[in-house]
There are 2 protein chains.
Amino acid sequence: MQLVIGNKNYSSWSMRPWVLMRALGLPFEERMLRFDFHDANSRFSAEAAKLSPTARVPVLLEADGFAVWDSLAMAERLHECFPNAGVWPADPRQRARARSLCASMHSGFGKLRSLCPMNIEADLRDIGRQLVAQEPGLRADLQQLEALWLPELTAHGGPWLFGAAFCAADAFFAPVAMRVKGYGLPLAPPAQAYVEALSQQSAVQEWVQAALGEHHWVPEDEPYRQGPSSGQL
Amino acid sequence: MQLVIGNKNYSSWSMRPWVLMRALGLPFEERMLRFDFHDANSRFSAEAAKLSPTARVPVLLEADGFAVWDSLAMAERLHECFPNAGVWPADPRQRARARSLCASMHSGFGKLRSLCPMNIEADLRDIGRQLVAQEPGLRADLQQLEALWLPELTAHGGPWLFGAAFCAADAFFAPVAMRVKGYGLPLAPPAQAYVEALSQQSAVQEWVQAALGEHHWVPEDEPYRQGPSSGQL
């Protein structure tokens, strides 16, 4: 299988299936379509449009070119193709709950998403402090994270949401951990501990190290960055 | 199972699992938590918070109270509990594709969602005409619908996305059909024909007729309605 992703520094949607597949040991080839500009006529969009009707990443391409797009649909495809890999918890109700959590992340958290876009390389704690003070919607999103995470961490004893095994639900929140750390967002101690565990997880760390080495900044995403980009777009 | 929903006139997220379960003949009890106001302290939110940490509808409650929330997680739970009911297409790749379509609907179509909220009872064609003229993002969402639907309708011969059997992907687009009709949004003829078929589907019609009988307007959602509400909130 080939997983087509965006820049590791920015692409939170790409991070999810990449971390999931790497953490579960599912083999795949990686192909990066580098973001250039947020423009429907960009080179990125032209390339992505060849892969799926959404013209977005990530896309999972099977050997004969069959495309599965959207990280949640990919998780289900992987679960069907590799039923023993642990994409979801083995217990049916834990599996249902894990899917509820992923789907809540998938369609919600509008303020966290729009105000705190993932940017692994940048230290945005000053901006985060201001945003938390000014944006009740962002504070509500952080409370929602705690409301989703804490019951599962408590019920299953951690370190992951459903106990000892890292599953798709954890992979889906890995980009959230990046945002919490990058913007210094406040969470209750058990939620903060989960963010720390996610940040240290080996597949997450592999992604982070690659992101830090990219230096392909998209100017529109970097209003706070001083000086010129060191990467060519 | 008990399916907790919001007002049928407005609650596009509730419509999806309701239509799916009804169309597939899966038995369930319906419970409506009526929207009052978009206020975190509303009666609606207080009741919904007892059911799930998201404090939103829909919620699927199993006999012992186990809650599955989010329409996409519900579809997967129903697929696991009733594997022969036809929640998803029987063919694995059609199933993967159906999930890609649902997940795209679930996380995307921001302009269609925000500019054209579902309101089954209202005739919003004048507003729709203005929005289409003024909002390139809305036009892009409509093109995206065509890009998602037309290849499947062509490949499988209709009337539904994956052929003769109505599945979760069709149920997920039922609220979109309501918006296209209510706001008079323009689509290519085959996409418009699919909207028409969705609108006439028996479970969709049952929902629509109930919505038309509600008359419980939420004032904040009805800036264009003349005269006082005929319903008590």
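Definitions and cut-offs
Residues numbered from 1 in each chain as written. Chains lettered and ligands numbered in written order. Predicted model: local features only at pLDDT ≥ 70, side-chain atom pairs only at ≥ 80, totals over all residues. Helix = DSSP H or I, 4+ residues; strand = E, 2+ residues; numbered from the N terminus. Rg over C-alpha atoms; globule rule 2.2 N^0.38 Å. Contact = placed C-beta atoms within 7 Å. Expected span 1.5 Å × (residues − 1). Buried ≥ 20, exposed ≤ 12 C-beta atoms within 10 Å, placed from the backbone. Arc of directions from axis to C-beta. Least-squares fit on C-alpha atoms with pLDDT ≥ 70 in both. Axes fitted to C-alpha atoms, helices over the stretch in contact; angles between N-to-C directions. Parallel < 35°, antiparallel > 145°, perpendicular 65-115°, else oblique. Pairing = 2+ DSSP bridges. Nonpolar A, V, L, I, M, F, W, Y, C, P; charged D, E, K, R; others polar. pLDDT = per-residue confidence, 0-100. Domains from an automatic or database assignment.

(A) Layout of the overall build of chain A. For chain A, the helix and strand inventory stands at 10 helices and four strands. Secondary structure of chain A in N-to-C order comes out as β-α-β-α-β-β-α-α-α-α-α-α-α-α. The globule rule puts the C-alpha radius of gyration for 233 residues at 17 Å, and the 17 Å found for chain A is close to it. Structurally, chain A occupies a C-alpha span of about 50 × 50 × 25 Å along its principal axes. Partitioning the intrachain contacts of chain A with sequence separation of at least 6 by distance along the chain shows that 68% fall at a separation of at least 24.

(B) How the structure looks around helix α9 (residues 189-200) of chain B. Residues and elements named next belong to chain B. Over its 12 residues, α9 extends 16 Å from the first C-alpha to the last, a length consistent with the 16 Å expected when each residue adds 1.5 Å. Those residues of α9 that sit buried are Ala 191, Tyr 194, Val 195 and Leu 198. Down the axis, α9 shows its buried residues gathered within 100° of arc, on one side only. Structural note: α9 exposes Pro 189 and Gln 200 on the side pointing more than 90 degrees away from its buried face. Those residues of α9 that are buried are in contact with α7 (136-156), α8 (168-182) and α10 (202-212).

(C) Up close: the relation of the copies chain B and chain A. Taken as rigid bodies, chain B and chain A are interconverted by a rotation of 180° and an axial shift of 0.0 Å, the fit giving an RMSD of 0.0 Å. What the rotation and shift describe, once combined, is the action of a two-fold rotation axis. For chain B, the minimum C-alpha distance to the rotation axis belongs to Ser 107 of chain B and amounts to 2.3 Å.

(D) Spatial organisation of the packing of helix α8 (residues 168-182) of chain A against helix α9 (residues 189-200) of chain A. Residues and elements named next belong to chain A. Running from amino to carboxyl end, α8 crosses α9 at an angle of 105°, the nearest separation of the two axes being 9 Å. Between α8 and α9, the angle falls in the class roughly perpendicular. Where α8 abuts α9, its residues Asp 170, Phe 173, Ala 174, Ala 177, Val 180 and Lys 181 lie against Val 195, Leu 198 and Ser 199.

(E) Summary view of the sheet that holds strand β2 (residues 29-32) of chain A. Residue and element names in this part refer to chain A. If you trace the four strands from one edge of the open sheet to the other, you get β2-β1-β3-β4, paired in mixed fashion. Across the chains shown, the open sheet's two edge strands, defined by having one partner strand only, are β2 and β4 (67-69). With direction set aside, neighbouring strand axes in the sheet form an average angle of 25°. Pairing of strand β1 (residues 2-5) with β2, which is carried by four bridges, proceeds in the parallel orientation. Considered in β2, the bridge of Leu 3 is made with Glu 30. Against the sheet, helix α1 (residues 12-24) touches β1 and β3 (59-61), its axis set at about 150° to β1.

(F) Expanded view of the environment of Tyr 183 of chain B. All names here are of chain B. Residue position: Tyr 183 is located in the loop between α8 and α9. Counting along the chain gives 63 residues from Tyr 183 to Ile 120, while the straight-line C-alpha distance between them is 9.9 Å. Excluding anything up to four places from it in sequence, Tyr 183 contacts Cys 116, Leu 124, Arg 125, Ile 127, Gly 128 and Leu 131.

(G) Spatial organisation of the interface of chain B and chain A. Contact residues are listed per partner, giving 22 residues for chain B and 22 residues for chain A. Counting only elements with at least two residues in the side of chain B that touches chain A, the list comes to β4 (67-69), α3 (71-81), α4 (92-107) and α7 of chain B. With nine residues, the top contributor of residues to the side of chain B that touches chain A is α4 of chain B. Class assignment of the residues belonging to the side of chain B that touches chain A gives a composition of 11 nonpolar, five polar and six charged.

(H) Molecular detail of the sheet that holds strand β3 (residues 59-61) of chain B. All names here are of chain B. Spatial ordering of the open sheet is given by β2-β1-β3-β4, a layout of four strands whose pairing is mixed. Whereas interior strands pair on both sides, the edge strands pair on one side only; in this sheet they are β2 (29-32) and β4. The sheet shows a mean angle of 25° between the axes of neighbouring strands, direction not considered. For strand β1 (residues 2-5) and β3, the ladder comprises three bridges, and the chain directions are antiparallel. From the neighbouring strand, Leu 3 faces β3, where its bridge partner is Leu 60. Sheet strands in contact with α3 are β3 and β4, and its direction is about 125° off that of β4.

(I) Main features of the confidence of the model for chain A. All names here are of chain A. Within chain A, residue pLDDT values average 92, and 91% of them lie at 70 or more. Here residues 226-233 is a poorly scored stretch, pLDDT under 50, and it has nine contacts once near neighbours within four places are set aside; other chains count. Both scores are available for the predicted complex, with the pTM at 0.94 and the ipTM at 0.93.

(J) Examining the domain arrangement of chain A more closely. Residue and element names in this part refer to chain A. Per the domain assignment, the segments of chain A are domain 1 (2-85) and domain 2 (92-208). One C-alpha centre belongs to domain 1, the other to domain 2; they are set 21 Å apart. For the side of domain 1 that touches domain 2, the secondary-structure elements that each account for two or more residues are α1 and α3 (71-81). The biggest single contributor to the side of domain 1 that touches domain 2 is α1, with eight residues. When the residues that make up the side of domain 1 that touches domain 2 are grouped by side-chain class, the tally is eight nonpolar, two polar and three charged.

(K) Region of the structure containing unusual backbone geometry. Of note, the bond from Val 57 of chain A into Pro 58 of chain A is cis; its omega dihedral lies within 30 degrees of zero at 0°. Along the polypeptide, Pro 58 of chain A turns up in the loop between α2 (43-49) and β3. A positive phi angle, close to 55°, is found at Phe 109 of chain B, a residue other than glycine. Tracing the chain through its elements places Phe 109 of chain B in the loop between α4 and α5 (110-115).

(L) Spatial organisation of the environment of Tyr 10 of chain B. In this fold, Tyr 10 of chain B is placed in the loop between β1 and α1 (12-24). Here the alpha-carbon distance between Tyr 10 of chain B and Ala 122 of chain B, two residues 112 residues apart in the chain, equals 10 Å.

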